[in-house]
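Okay, here's what each chain looks like letter by letter:
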Amino acid sequence: MSRIRSVATAAQSATHSAVSAVDRRAFLATTGAVSLSAGIGYALRPGTSHAAASGPAPVALSRQAPAAPLAPYRGGTTLGAVATPRGTSGYRRLGDGPAWDRVVRGDLAAAKNGREGRRTPLAAFVQFTDLHLVDVQHPLRYEYLRAQTASAWRPQEALSVAGAVALVERVNALRGAPATGSPLHCVVTTGDNTDNNSRSELDWFLKTMSGGRITPNTGDPRRYEGVQDSGLKLYWHPDDTRRDADKALGFPQINGFLEAALREVNSPGLGLPWFSTVGNHDALPGGCWGPGDSYFSEFAVGGRKLMSLDESRGAALWKAVKKGRDPKGAHFKELLKSEARRMRSVTPDESRAPFTPAEYVKAHLDPAYKGHGPAGHGYTQENLDAGTQYYSFHISDDVLGISLDSTDPGGHYEGSLGTAQLDWLERELKANEAKDGGGSYVIVFSHHTSKTMHNLRQDPDRPREGRHGGDEIVALLARHRSVLAWVNGHSHKNDITAHQTPRGSLWEISTASHIDFPQLARVVELSDNHDGTISLFTTLIESSAPHRTDYADLSQTGLAALYRELSFNAPGAKPALGGEPGDRNTELILKKG
């Protein structure tokens, strides 16, 4: 398949004879940086093709390239050091540990010698996924299911905003893309930006990404009213000497923890353009129940909260959720009504109200949250008019991004795509490839992975529309040789899958969350090796918080460090979420289309 030559490639060809005495690697880095810094970041309206987009579009400028030639680097990434536990049992402190080396994967194409000196950067971006910014006092939370699932309540959750801001600070401090040294174009989130589909959490997320002051507290502005001062042994009570279940495992007493957790946090905002993708926790109450029930909406803003539940009732509820037997939350509603006498009083707060898909888009379009742009962070007025949350955008001159909405409005935490969106996706891919010169390379973004898209429940607003799962989407993407990768989250685990079909191949890059240990984000770089192959580099990064914690340091940075340490020690935490070496820092080889 023919391609438009990148600016860097053209510059290389035109001046090859003039640079024979110049270090080739430095020259390629310099010309690549020129190409990348000239990239465009604007959203294309849903329902129109990449080729047919017209009219003025918001332009997000990439970070300017440094004057000096850039080069690969390791510092500030997991190629340099990784948070690692000390000791072998009990509550474990973290410290600096061995780096994760880069693994070359030739599952889909052989890596050819000498590519390091030939390659030209095409694009570089950072993926954030599953930030789960949590209103820990929200009445609809089901912390009492902790015995059934570790995701129901985590000891670190009250510090999610401080942790996310530290991740923003890490990205702002990066010198560029680690493998090639080229400038970074943008950050793309792949969903579950919020935890409870709450307006308060959406405000915190948008300010974290675009900059602003955040007070991660709802209800009574003077005090905490959640499970961590309930007196229930099920939860860690950091501020007192109570012998709760977590302290029995070695969790510390930290005086002033809850007060510090609710203090104002200041985010500098990303120094790059950023784009947003929706996840099931952004769209559904609890991340799993169909939206629109007035009972849940009223309960969310009301003054009663359930903090404990008989274990047998909790087990039955969670089994129904896992099996997808209660997509509308009917069983959950009955349970809440039957437990009314055991609920505790909390301060009502309208900011906890759930947001609709339209309100999600409108909030992104609000100029107050623009930051470094683009306006809408991918979403446009066309999304509002059409009632959609998917779109196309340019990552760079040579790379097109496509952001999908994989949530199922019918309920359940697994996902799928409706026929209208699947048809739109295919039109976008065909229009791109029909362009003169062969169009752009494509990276597809979604929240759900191919393995977690088996929920084919009908959309209540489109009862006649079919739903389509992960295998069908992989087959569609593989038919279009412009598609290099599908980047997603949801599973909270690093997992890189090589998809080879009779019609084509692509890489699926799934990245761990930033709420569960090891709390990571991922830098993805694309390079043309000029030997018939493309390299996709993936490099994992941690937040800027130090690996070591100091319980006396309850500053914003100290809380971000504690956020990581608590996540490692959280009961039920899964040590395999970091993935295998081939799922972490990699070079993924792919044949050019």
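Residues numbered from 1 in each chain as written. Predicted model: local features only at pLDDT ≥ 70, side-chain atom pairs only at ≥ 80, totals over all residues. Heavy atoms only, no water.

Details of the overall build of the protein chain
A tally of regular secondary structure across the protein chain gives 15 helices and 22 strands. Summarising the internal contacts of the protein chain: among those between residues at least 6 apart in sequence, 77% fall at separations of at least 24. (Helix = DSSP H or I, 4+ residues; strand = E, 2+ residues; numbered from the N terminus. Contact = heavy atoms within 4.5 Å.)

A word on the confidence of the model for the protein chain
Looking at the protein chain, pLDDT values average 90 and 88% of them are 70 or higher. Counted against residues more than four places away or in other chains, residues 1-42, with its pLDDT under 50, gives 97 contacts. Confidence drops under a pLDDT of 50 for residues 47-62, and excluding neighbours within four residues, the segment shows 38 contacts in the predicted structure. (pLDDT = per-residue confidence, 0-100.)

Re the layout of surface pockets
Approximately 920 Å³ is the volume attributed to the largest pocket. What lines the largest pocket is a set of 38 residues, among which Thr149, Ser151, Arg154, His492 and Lys574 lie closest to the centre. Looking at the lining of the largest pocket, the elements with two or more residues in it are α7 (280-283) and α9 (311-322). The space that makes up the second largest pocket amounts to roughly 700 Å³. Lining the second largest pocket are 33 residues, with Pro357, Pro409, Asp459, Asp461 and Arg462 positioned closest to its centre. Ranked by residues supplied to the lining of the second largest pocket, first place goes to helix α11 (residues 357-365) with three residues. (1 Å grid on protein atoms, 1.4 Å probe; cavity = no way out; pocket = protein on both sides within 12 Å on 5 of 7 lines; lining within 4 Å. Points joined across faces, edges and corners; volume = space filled by probe spheres on them.)

Here's the deal with helix α15 (residues 556-569)
When the terminal C-alpha atoms of α15 are compared, their 20 Å separation across 14 residues agrees well with the 20 Å that a helix rising 1.5 Å per residue should span. Across the 14 residues of α15, eleven count as buried, placing the element largely inside the fold. Burial in α15 covers these residues: Gly558, Leu559, Ala560, Ala561, Leu562, Tyr563, Arg564, Glu565, Leu566, Ser567 and Asn569. Close packing links the buried residues of α15 with β2 (82-85), β3 (94-97), α4 (160-173) and α6 (257-261). (Expected span 1.5 Å × (residues − 1). Buried < 20%, exposed > 50% of the residue type's maximum accessible area, 1.4 Å probe, protein only.)

A closer look at the packing of helix α5 (residues 199-210) against α11
Packing of α5 against α11 brings their axes to within 11 Å, and their N-to-C directions diverge by 30 degrees. Compared by their axis directions, α5 and α11 come out roughly parallel. For the pair α5 and α11, the crossing hand works out as right-handed. Of the residues in α11, those in contact with Arg199, Leu202, Phe205 and Leu206 of α5 are Glu359, Tyr360, Ala363 and His364. Its residues assigned to classes, the contact of α5 with α11 comprises five nonpolar, one polar and two charged. (Axes fitted to C-alpha atoms, helices over the stretch in contact; angles between N-to-C directions. Parallel < 35°, antiparallel > 145°, perpendicular 65-115°, else oblique. Left-handed = near helix turned anticlockwise from the far one by under 90°. Nonpolar A, V, L, I, M, F, W, Y, C, P; charged D, E, K, R; others polar.)

Notes on the environment of Thr407
Within the element layout of this structure, Thr407 appears in the loop between β13 (399-403) and β14 (417-418). Judged by its relative accessible area of 4%, Thr407 is buried. Taking C-alpha positions, Thr407 is 8.5 Å from Leu284, a pair spaced 123 residues apart along the chain. Thr407 has contacts with Val278, Gly279, Asn280, Ala283, Ser416, His448 and Arg467, leaving out every residue within four places of it along the chain. Here the side chain of Thr407 touches Asp405 through a polar contact of 2.7 Å, side chain to side chain. (Polar contact = N/O pair within 3.5 Å; in protein donor to acceptor, adjacent residues only side chain to side chain.)

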